[in-house]
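Now for the letters of each chain:
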Amino acid sequence: PPPPPSALIHNCTSLTLHRHLQSGPCLLQFHAPWCGPCRQLSPVLNDVTVRAAGAFRLCRVDADEDRGMMDCMGVTGLPTMFACRGGRVVAKMVGGPKSEDDFKSFIMKLMAPDSASGEGEEDEDSELAMLSDGLLRRCTTMPFSKQEAVTSAVKSLHGKCTTVNVVKKLIANAIDKPRKEMYWRVDRVKLGGKLDSAGFKLLSLAGFAPSPSGSTLSLSGPWIDVGLLSHVLG
């Protein structure tokens, strides 16, 4: 049987959105209770989401309650919608669809598999790339205490350019290609002396779990955790 509406439609904040971004495609809607067009659009989105039978989730963010998320995503008018897939923003719509075809095109970008989307990393729209980056950095699963630990670990890398560059590259791969399992594993032996204990610790804090032997790290936790680490490293 298809999933019930309660499993597909969610009210989210930047602290809870990451759970849904990790679970599959999401239609992210910014709205407000006082927004007339939002109230008109919401039942339509509910209906489309339920009829899609689990192909994507509808995640709503109250712009008044989460101004930080609104600013991070560059939302200046309501309603604003984002099609998110693989932790990336693949389409944006401001003010609701202008036509039925316009809306169908938006939904198809949300549901299309990566291989059929026609989107290459090289030609990705620059605005969408910036929005994806903002979304990733805002939706971190790290508690504040862990963020402090990451910041402290980053400071310990001061002057260690080689380690910093290696860590940045590993993080970039995990962020840019979150569904490619080859980037979920870091082999310390293969890296030789390019990744010292400080860099290894930093990746552990970001969600890469060390093996019992300590020779490898695997991204077994939420991959989106690495967004904060990327932001701290700059």
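Details of the structure are given in the entry above.
Model, not experiment: these values are computed from the prediction.

**Concerning the state of the cysteines**
In total, this model carries one disulfide according to the counting rule given. A sulfur-sulfur distance of 2.5 Å marks the disulfide that ties Cys35 to Cys38. With the S-S dihedral at roughly 75°, the linkage between Cys35 and Cys38 falls on the right-handed side. When its relative accessible area of 4% is taken as the criterion, Cys35 is described as buried. When its relative accessible area of 1% is taken as the criterion, Cys38 is described as buried. Not part of a disulfide, Cys84 finds its nearest cysteine sulfur in Cys26, a span of 6.6 Å.

**Thoughts on the pattern of salt bridges**
In the structure shown here, the tally under the stated rule is five salt bridges. A salt bridge links Asp187 to Arg185; its shortest N-O distance comes to 4.0 Å.

**Details of the packing of aromatic side chains**
By the definition in use, this model includes one aromatic pair. Look at Phe30 and Phe82: their rings are 5.9 Å apart centre to centre, the planes differ by 85°, and that puts the pair in the edge-to-face class. Within this pair, whereas Phe30 is found in strand β2 (residues 26-31), its partner Phe82 is found in strand β4 (residues 80-85), the two being separated by 52 residues in sequence. Sitting over the ring of Phe200, Arg188 keeps its end group 4.3 Å from the ring centre.

**Here we look at the sheet that holds strand β5 (residues 88-94)**
On the basis of which strands lie adjacent, the open sheet formed by five strands has the order β1-β3-β2-β4-β5 and mixed pairing. Two strands in the sheet have a free side with no partner beyond their single neighbour: β1 (9-12) and β5. Recorded for the sheet is a direction-independent mean angle of 25° between the axes of neighbouring strands. With four bridges connecting them, β1 and strand β3 (residues 57-62) associate as parallel partners. The partner of His10 across the bridge, within β3, is Cys59. Running at roughly 30° to β4, helix α4 (residues 100-111) makes contact with β2, β4 and β5 of the sheet.

**Considering unusual backbone geometry**
In this chain, Leu78 is followed by Pro79 through a cis amide linkage whose omega measures -5°. With respect to the element layout, Pro79 can be found in the loop between α3 (67-72) and β4.

**Some points on the nonpolar core**
With 23 residues, the main nonpolar core has Leu28, Phe30, Met73, Phe82 and Leu135 as its most contacted residues. Every residue in contact with Leu28, bar those within four places of it in the chain, is listed here: Leu17, Cys59, Val61, Met69, Thr80, Met81, Phe82, Cys84 and Leu135. Within the second largest apolar cluster, 20 residues are counted, among which are Leu170, Leu202, Leu205 and Phe208.

**Examining the pairing of β5**
Among the seven residues of β5, five are classified as buried, and the element is accordingly described as predominantly covered. With six bridges joining them, β4 and β5 adopt antiparallel strand pairing. Following the sheet pairing, Phe82 is matched in β5 by Lys92.

**Some remarks on helix α9 (residues 197-205)**
Those residues of α9 that sit buried are Ala198, Gly199, Phe200, Leu202, Leu203 and Leu205. The backbone nitrogen of Ala198 has a side-chain oxygen 3.2 Å away, supplied by the residue at the start of α9, namely Asp196.

**Looking at the side chain of Arg60**
Inspection of the secondary structure puts Arg60 in strand β3. Nearest to the buried, unbridged Arg60 among oppositely charged side chains is Asp62, at 10 Å. If sequence neighbours within four positions are ignored, Arg60 has contacts with Ile9, His10, Asn11, Cys12, Gln29, His31, Ser42, Leu45 and Asn46.

**Comments concerning the sheet that holds strand β7 (residues 209-210)**
Strand order in the open sheet formed by three strands is β6-β8-β7, with antiparallel pairing between adjacent strands. This sheet does not close on itself; its edge strands, each paired only once, are β6 (185-187) and β7. Inspection of the sheet shows β6 paired to strand β8 (residues 216-218) by three bridges, in the antiparallel sense. The residue bridging Arg185 from the neighbouring strand is Ser218, located in β8. The sheet contacts of α9 involve β6, β7 and β8, and relative to β8 the element is tilted by about 20°.

About the thresholds
- Sequence order sets the numbering: in each chain, residues are counted from 1 along the sequence as written.
- Two thresholds apply to this predicted model, a pLDDT of at least 70 for residue-level local features and 80 or more for giving and counting side-chain atom pairs, whereas whole-chain, interface and lining totals are computed over all residues.
- Note that water and hydrogens are dropped before the side-chain values are worked out from all heavy atoms of the structure.
- What counts as a disulfide here is a pair of cysteine sulfur atoms lying within 2.5 Å.
- Each residue is placed in one exposure class: buried if its accessible area under a 1.4 Å probe, protein chains only, is under 20% of its type's maximum, exposed if it is over 50%, and partly exposed if it falls in between.
- By definition, a salt bridge exists where a carboxyl oxygen of Asp or Glu is found within 4 Å of a side-chain nitrogen of Lys or Arg.
- Stacked, edge-to-face and tilted are the three classes for Phe, Tyr and Trp ring pairs, Trp counted by its six-membered ring, which pair at centre distances within 6.5 Å; planes under 30 degrees apart are stacked, over 60 edge-to-face, the rest tilted.
- Here a strand is any run of E in DSSP of at least two residues, a helix any run of H or I of at least four, and the numbering for each starts at the N terminus.
- Only lysine NZ and arginine CZ atoms are considered, and such an atom sits over a ring when it is within 6 Å of the ring centre and within 35 degrees of the ring normal.
- For two strands to be treated as a pair, DSSP must find no fewer than two bridges joining them.
- An axis is simply a line fitted to the C-alpha atoms; with a helix, the fit covers only the stretch in contact. Between two such axes, the angle follows the N-to-C directions and lies from 0 to 180 degrees.
- Contacts between residues were defined by any pair of non-hydrogen atoms, one from each residue, lying within 4.5 Å.
- The nonpolar core is taken to be a set of buried Ala, Val, Leu, Ile, Met, Phe, Trp, Tyr and Cys residues, with the residues joined through side-chain atoms within 4.5 Å.
- In protein, a polar contact means a hydrogen-donor-capable atom and an acceptor-capable atom, both N or O and within 3.5 Å, with residues adjacent in sequence counting only if both atoms are side-chain atoms; elsewhere, any N or O pair within 3.5 Å suffices.
- Charged residues are defined here as Lys and Arg on the positive side and Asp and Glu on the negative side; His and the ends of the chain fall outside this count.

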